[in-house]
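Overview (structure and organization)
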Amino acid sequence: MTDVGITQVSRYVPWLTLPHAVWARAWGERAKEGLGRAVANFDEDALTMAVEAAAPIADGARGLFLASTSAPLVEGSPAARVAGALGQGDVHTVD
């Protein structure tokens, strides 16, 4: 029997944080409790973070689905680029 549907999920959260106090000061609001919000570093974009997220589960994958509101490329398939970066060039990709 073949698995159908989403069989594995992974995520990547940038290590850099923007403290709530800085966020609140910029928006004229009161600071929330907690450490802050995770933000991408200057060299992190949707593709680099997708590669980091997919790396732990890429072995044996038959497909890669990538969804982003900020894809850094206009031409080409970001999902295919992620698969290529992970050495998974023979998987089905969807953006």
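The structure under discussion appears in the preceding block.
The model shown is predicted, which means the values in this text are computed figures rather than measured ones. (Residues numbered from 1 in each chain as written. Predicted model: local features only at pLDDT ≥ 70, side-chain atom pairs only at ≥ 80, totals over all residues. Heavy atoms only, no water.)

Helix and strand counts for the chain come out as three helices and four strands. Ordering the α and β elements of the chain from the N terminus gives β-α-β-α-β-α-β. Against the 2.2 N^0.38 benchmark of 12 Å for 95 residues, the chain shows a C-alpha radius of gyration of 17 Å, more extended than a compact globule. If one aligns the C-alpha atoms of the chain with their principal axes, the spans along those axes are about 55 × 35 × 20 Å. Put simply, the chain has 95 residues, and 19% of those count as buried. By sequence separation, contacts in the chain at least 24 residues apart represent 53% of the contacts at least 6 residues apart. (Helix = DSSP H or I, 4+ residues; strand = E, 2+ residues; numbered from the N terminus. Rg over C-alpha atoms; globule rule 2.2 N^0.38 Å. Buried < 20%, exposed > 50% of the residue type's maximum accessible area, 1.4 Å probe, protein only. Contact = heavy atoms within 4.5 Å.)

This brings us to helix α2 (residues 46-54). The complete set of buried residues in α2 reads Ala46, Leu47, Ala50, Ala53 and Ala54. Viewed along the axis of α2, the buried residues span an arc of 120 degrees, placing them on a single side of the element. Buried-residue contacts for α2 involve β3 (63-65) and α3 (78-85). Two or three places before Leu47, at the opening of α2, Asp45 has a side-chain oxygen 3.1 Å from that residue's backbone nitrogen. (Arc of directions from axis to C-beta. Polar contact = N/O pair within 3.5 Å; in protein donor to acceptor, adjacent residues only side chain to side chain.)

For the structure on display, the rule yields one cavity of 30 Å³ or more. Considered as a void within the structure, the largest cavity measures approximately 50 Å³ in volume. Here the lining of the largest cavity gets three residues from one element, more than from any other, and that element is helix α1 (residues 20-27). Within the lining of the largest cavity, the residues separate by chemical class into three nonpolar, one polar and four charged. (1 Å grid on protein atoms, 1.4 Å probe; cavity = no way out; pocket = protein on both sides within 12 Å on 5 of 7 lines; lining within 4 Å. Points joined across faces, edges and corners; volume = space filled by probe spheres on them. Nonpolar A, V, L, I, M, F, W, Y, C, P; charged D, E, K, R; others polar.)

The next point concerns the layout of surface pockets. Of the pockets and cavities examined, the largest pocket occupies roughly 950 Å³. Of all the secondary structure elements, the ones that give two or more residues to the lining of the largest pocket are α2, β3 and α3. When residues in the lining of the largest pocket are grouped by element, the largest group, five residues, is from α2. Across the lining of the largest pocket, the residue classes break down as 20 nonpolar, nine polar and two charged.

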